[in-house]
Amino acid sequence: LRANRMTWSTRLEDFHGLAEHSLDGSLSSIPDEFPSQDATGVLAAIHKTLQTREPCRLEYRLPGQSEHEERWFEALVTLIVQDGTAVQLLGMCRDVTERLRVNREVRVRARQQETLARLGERALTESDLQKLFNEVVTTVGEILDVELAKILELLPGDAELLLRAGTGWRAGLVGTANVSTGRETQAGYTLASGRPVIVEDLASETRFSGAPLLHDHGVVSGLTTPIAGRDGRA
């Protein structure tokens, strides 16, 4: 600390995606190497350790190889004191991206299961079917973090489906908009197949072209699944 000299493991530069010898061996090199929103947190944690002389643990993120990717690291810092004077900081850094991803996924799954159980209870007690449908589409949209969610109801004659409930759709469409049950629509194709259908990219989809309702709202991808009625009909 007195010499402001920092010794880095040779693996740290590669670890953080830095060029070889880009760390100049001083504490002042840190701010330029970390994203601005994280540099303050890293440095603040180090200075707090110097002040309190207590070990610290912090997590920080760095950009990944693509704009949609990020990596998370955990740093552990301990202060070495000799004759009452702080002389050295020892730190360990490790990539915790996968651990955080798994933990986040577990939390999401647990929330989804809890929500599913709650909706099941509501379905058994709610006498107002429209109210239940509205709650279902809102909840599904939230837990899956999607912009659009809907329930389509098969109309008498089986030629069309009514947009019975939904979130994210333009005003006035819920309760009035119809979708064809023809196999050229995703809903019609799902109805005919009797199983869930996943679309990664509607523009390049070859099984069906998609209903105007989807194209009008700029839908790119989605999932549809039949809902069985009491008589077994979707």
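Small disclaimer: the values here were computed from a predicted structure and weren't measured. (Residues numbered from 1 in each chain as written. Predicted model: local features only at pLDDT ≥ 70, side-chain atom pairs only at ≥ 80, totals over all residues. Heavy atoms only, no water.)

(A) Spotlight on the overall build of the protein. A count of helices and strands for the protein gives seven helices and eight strands. Taking all 234 residues of the protein together, 31% fall into the buried category. Considering only contacts within the protein whose residues lie at least 6 apart along the sequence, 36% involve residues at least 24 apart. Accessible area for the protein stands at about 15,400 Å²; split by element, carbon and sulfur atoms hold 51% of it. (Helix = DSSP H or I, 4+ residues; strand = E, 2+ residues; numbered from the N terminus. Buried < 20%, exposed > 50% of the residue type's maximum accessible area, 1.4 Å probe, protein only. Contact = heavy atoms within 4.5 Å. Areas by Shrake-Rupley, 256 points an atom, 1.4 Å probe, with all protein chains shown as cover.)

(B) Spatial organisation of the packing of aromatic side chains. Counted under the stated rule, the structure contains two aromatic pairs. Plain terms: the ring middles of Tyr60 and Phe73 are 5.7 Å apart, the flat faces sit at 20° to each other, and that makes the pair stacked. Taken as a pair, Tyr60 in strand β1 (residues 56-63) and Phe73 in strand β2 (residues 70-82) lie far apart in primary sequence, 13 residues in all. An identical accessibility class is assigned to Tyr60 and Phe73; each is buried. When the ring of Tyr189 is compared with that of Phe208, the centres are 5.2 Å apart and the planes differ by 50°; the resulting orientation is tilted. With Tyr189 in helix α6 (residues 186-193) and Phe208 in the loop between β7 (197-199) and α7 (212-216), the pair connects residues that are 19 residues apart, well separated along the chain. (Phe/Tyr/Trp six-rings, centres within 6.5 Å; stacked < 30°, edge-to-face > 60°.)

(C) Spotlight on the sheet that holds β1. If you trace the three strands from one edge of the open sheet to the other, you get β1-β2-β3, paired in antiparallel fashion. At either end of the open sheet lies a strand with only one pairing partner, and these are β1 and β3 (85-95). Here the strands of the sheet are splayed against their neighbours by 30° on average, with no regard to which way each runs. Bridge analysis of β1 against β2 gives eight bridges, and the strand direction is antiparallel. (Pairing = 2+ DSSP bridges. Axes fitted to C-alpha atoms, helices over the stretch in contact; angles between N-to-C directions.)

(D) Expanded view of the pattern of salt bridges. Across all of its chains, the model carries 12 salt bridges by this definition. With a shortest N-O distance of 2.5 Å, Glu74 and Arg57 are connected by a salt bridge. With Glu74 in strand β2 and Arg57 in strand β1, this pair connects stretches of sequence that are 17 residues apart. A salt bridge links Arg164 to Glu153, with the nearest nitrogen and oxygen atoms 2.9 Å apart. Linking Arg164 in strand β5 (residues 160-167) with Glu153 in strand β4 (residues 149-154), this pair joins segments that are 11 residues apart in sequence. (Salt bridge = Lys/Arg side-chain N within 4 Å of Asp/Glu carboxyl O.)

(E) Spotlight on the side chain of Thr49. As for its placement among the helices and strands, Thr49 is situated in helix α3 (residues 36-52). When near neighbours in sequence (up to four residues on either side) are disregarded, Thr49 contacts Glu54, Cys56, Val77, Leu79 and Leu89.

(F) Examining the nonpolar core more closely. Counting residues in hydrophobic clusters, the biggest one holds 15 residues, and the most contacted among them are Trp169, Val179, Leu202, Phe208 and Leu214. Secondary structure elements with two or more residues in this core: β5, α6, β7 and α7. If we skip the residues at most four places from it in the chain, Val179 touches Leu152, Ala159, Glu160, Leu161, Thr185, Ala187, Ala211 and Leu213. Core analysis: the next-biggest nonpolar cluster, separate from the first, contains 12 residues, Ala45, Ile46, Tyr60 and Ala75 among them. (Core = buried A, V, L, I, M, F, W, Y, C linked by side-chain atoms within 4.5 Å.)

(G) Broad picture of the sheet that holds β5. Here we have three strands laid out as an open sheet, ordered β4-β5-β6, and antiparallel in their pairing. The two strands at the open ends of the sheet, each matched to only one other strand, are β4 and β6 (178-180). Across this sheet, the average inter-strand angle for adjacent strands is 40°, counted without regard to direction. In terms of strand pairing, β5 meets β6 through three bridges, oriented antiparallel. Note on β6: the bridge partner recorded for Leu161 is Val179.

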